[in-house]
Amino acid sequence: WGLEAWVKADVATPGLSTDGYATIVINGDSASNGMGIVQTPDGRFAGFLPMVGFVGGATVVPRVWTHLALVNSEGATTFYVNGVATGTGGRPHAAAGLFGIGLNPEGYGGGEPFQGSLDEVRVFSITPGLFSTNSLLLASVPPRLSACILPAGGNVIVLRSEERRVGKECRSRW
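Remember, predicted model here, so these are calculated numbers, not experimental data.

A word on the sheet that holds strand S5 (residues 53–59). In spatial order, the strands read S5-S4-S3-S2-S9; together these 5 strands make up an open sheet with antiparallel pairing. For this open sheet the edge positions go to S5 and strand S9 (99–101), each flanked by a neighbour on one side alone. The sheet shows a mean angle of 20° between the axes of neighbouring strands, taken without regard to direction. The sheet contact formed by strand S2 (residues 22–27) and strand S3 (residues 35–39) spans 5 bridges and is antiparallel. When the sheet's bridge partners are listed, asparagine 27 is paired in S3 with methionine 35.

Of all hydrophobic cores here, the largest spans 19 residues; its most connected members are Val7, Ile24, Ile37, Phe45, Leu68 and Phe79. Counting residues per element, the ones that place at least two in this core are strand S1 (2–9), S2, S3, strand S4 (44–49), S5, strand S6 (66–73) and strand S7 (76–81). With 4 residues, the top contributor of residues to this core is S1. Residues contacting isoleucine 37, with those up to four places away along its chain left out, are Leu3, Glu4, Ala22, Thr23, Ile24, Val25, Ala46, Leu68, Ala69, Leu70 and Phe79. Judged by nonpolar contacts, the second largest core, of 6 residues, contains Val71, Phe124, Phe131 and Leu136.

Thresholds applied
- Residues numbered from 1 in each chain as written.
- Predicted model: local features only at pLDDT ≥ 70, side-chain atom pairs only at ≥ 80, totals over all residues.
- Heavy atoms only, no water.
- Pairing = 2+ DSSP bridges.
- Helix = DSSP H or I, 4+ residues; strand = E, 2+ residues; numbered from the N terminus.
- Axes fitted to C-alpha atoms, helices over the stretch in contact; angles between N-to-C directions.
- Core = buried A, V, L, I, M, F, W, Y, C linked by side-chain atoms within 4.5 Å.
- Buried < 20%, exposed > 50% of the residue type's maximum accessible area, 1.4 Å probe, protein only.
- Contact = heavy atoms within 4.5 Å.

The following block contains the structure:
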């Protein structure tokens, strides 16, 4: 199974909490099972396997669309950036619990909201032995639509609009 998303970070390093990990997508209980994709306090995107560790990574380039995927296939989990494998780790524990996009609903890891735009977030299954990067949503250019995620009094607001307007809407309206 796997997770993937198109990501455009507004900042290189999240910094609202003490540890500064921002969740892009998490499937499972971030303390003990499942897997996720995060932005780290040192300005990297990485795969995250609770109770296993981090997998792969790439430097965050603010305001540039980047395709990220974390794929578990045949006992190994690989992190892909724009279709290129950047690291491989162990197998995650089976996902149970919560699912979050742009924010970890449990708050583990600082509960840092992702600051930027997300699109085409997907959880998918794969047939053992048949995974190929051709299965990822890489064939198109980065999306024309994006989502802006904003914390609002304990809730998360997702605004969808044309990419050229997202930055202004996020900053001026909220």
